[in-house]
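# Structural features, examined
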Amino acid sequence: MSTSDDNAKQISPEAAGDDDAASSSEIEKKEQGNGSFGPVTLFFILGFAVSLILGWVISPELLYSQKKQPIDYNHLLHVAEVDDGCESCHFFRADGTFSGIPKLEMCIDCHEEVQGEDPEEIKFVEEYVVKEREVPWLIYSRQPDSVFFSHAAHIKGAKMDCVTCHGPIGESETSRVYEENRITGYSRDIWGKNIAGFKKNSWDRMKNG
Ligand code: HEC
Ligand code: HEC
Ligand code: HEC
């Protein structure tokens, strides 16, 4: 029996059975032996492809919940309003620790009352300034508690730029959505957009190390 003959019979075993019962059972045996290699390999490849797609493309979307900042904040506008650029709000305290996100007291000089017609400013003044409540900002770069990060070492010591790690937040006009990992509760900025860890920009992944 030639191989091409074999293949022809595999495609249509019923037709083969009609011809001759003995040869058909022989073909069945052959199919169980080496013929099953084809479908199994195919299923394996398909299954592998499907799990790659699920794992790399779909599950990151399911894994992260999207949250909006409590107030949409315009950095560009504010950097133009203050005298010392970023340091007006994000500065080092006398003991060398980094102030992080500014507290309400640093906004009050300008926002004791609503100044303009921006709905975000009205919301900010009515819900936080008047009620003396701190804004519960979501921190994109928040590290797990086990990680100690020193801004002083990186900014004063290594003279690194904010953009290198955080991306262009300081020039943005709106706060981007915050993506929280449903399982770990961490920000998506820690592991980055891509599970495989490819980075297009230095700030795509903020995992320490
Ligand atoms: C008038 C005060 C003010 C100034 C000036 C200011 N920021 Fe901010 N910054 C904020 C507030 C409020 C937030 C929290 C809201 C947010 O994340 O959008 C913030 C958040 C950030 C964050 C997000 C950190 C994180 O991981 O969540 C970065 C990065 C940042 N600022 C960088 C800068 C840079 C760079 C500059 C200078 C170009 C700057 N900021 C100037 C008030 C300020
Ligand atoms: C030096 C003065 C100054 C300081 C300090 C300041 N702001 Fe403003 N802010 C302004 C001005 C001016 C506007 C534009 C007024 C308008 O059109 O509503 C504004 C607009 C806003 C708006 C509406 C536009 C936007 O960003 O979406 C929000 C919200 C706001 N400020 C929040 C804050 C918060 C929070 C802080 C403290 C971290 C702060 N501001 C500190 C001057 C200031
Ligand atoms: C070497 C990388 C790196 C550089 C450079 C850097 N940051 Fe950060 N930043 C981080 C990390 C990591 C965190 C999270 C720290 C944590 O969770 O304890 C963070 C947190 C912050 C936060 C939120 C802190 C909080 O808890 O309120 C602000 C605001 C911020 N950075 C602003 C800045 C500004 C402004 C600059 C430039 C002057 C800057 N960062 C430079 C890595 C960096």
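What you see is a predicted model, and the numbers here were worked out from it, not measured in a lab.

### Regarding the overall build of the protein chain
- If you tally the helices and strands in the protein chain, you get ten helices and two strands.
- Counting helices and strands in the order they occur from the N terminus, the protein chain gives α-α-α-α-β-α-α-α-α-α-β-α.
- Counting over 209 residues, the protein chain shows a buried share of 4%.
- Across the protein chain, contacts joining residues at least 24 apart in sequence account for 63% of those joining residues at least 6 apart.

### Regarding the site of ligand 2
- Taken together, 21 residues are adjacent to ligand 2, and N74, C107, C110, G116 and E121 come closest.
- A per-element tally of the shell around ligand 2 places helix α6 (residues 105-111) first, with five residues.

### Quick notes on the site of ligand 3
- Residues in contact with ligand 3 amount to 18 residues; listed here are only the nearest, G100, Q143, M160, C162 and C165.
- Mapped by element, the contributors of at least two residues to the shell around ligand 3 are α8 (151-157) and α9 (162-166).
- Counting residues per element, the shell around ligand 3 draws most heavily on α9, at four residues.
- Grouping the constituent residues of the shell around ligand 3 by class yields nine nonpolar, eight polar and one charged.

### Considerations on the environment of C107
- Here C107 is to be found in helix α6.
- Counting along the chain gives 18 residues from C107 to C89, while the straight-line C-alpha distance between them is 9.2 Å.

### With respect to unusual backbone geometry
- Even without being a glycine, E132 presents a positive backbone phi close to 55 degrees.
- Structurally, E132 is set in the loop between α7 (119-129) and α8.
- Note on E132: 9 C-beta atoms within 10 Å, which makes it exposed.
- Here the phi dihedral of K159 falls at roughly 55 degrees; this positive angle occurs in a residue that is not glycine.
- Topologically, K159 is positioned in the loop between α8 and α9.
- What makes K159 exposed here is the crowd of 7 C-beta atoms within 10 Å.

Procedures and definitions
- Residues numbered from 1 in each chain as written.
- Chains lettered and ligands numbered in written order.
- Predicted model: local features only at pLDDT ≥ 70, side-chain atom pairs only at ≥ 80, totals over all residues.
- Helix = DSSP H or I, 4+ residues; strand = E, 2+ residues; numbered from the N terminus.
- Buried ≥ 20, exposed ≤ 12 C-beta atoms within 10 Å, placed from the backbone.
- Contact = placed C-beta atoms within 7 Å.
- Near = placed C-beta within 6 Å.
- Nonpolar A, V, L, I, M, F, W, Y, C, P; charged D, E, K, R; others polar.

That's the geometry; what it means functionally is another story.
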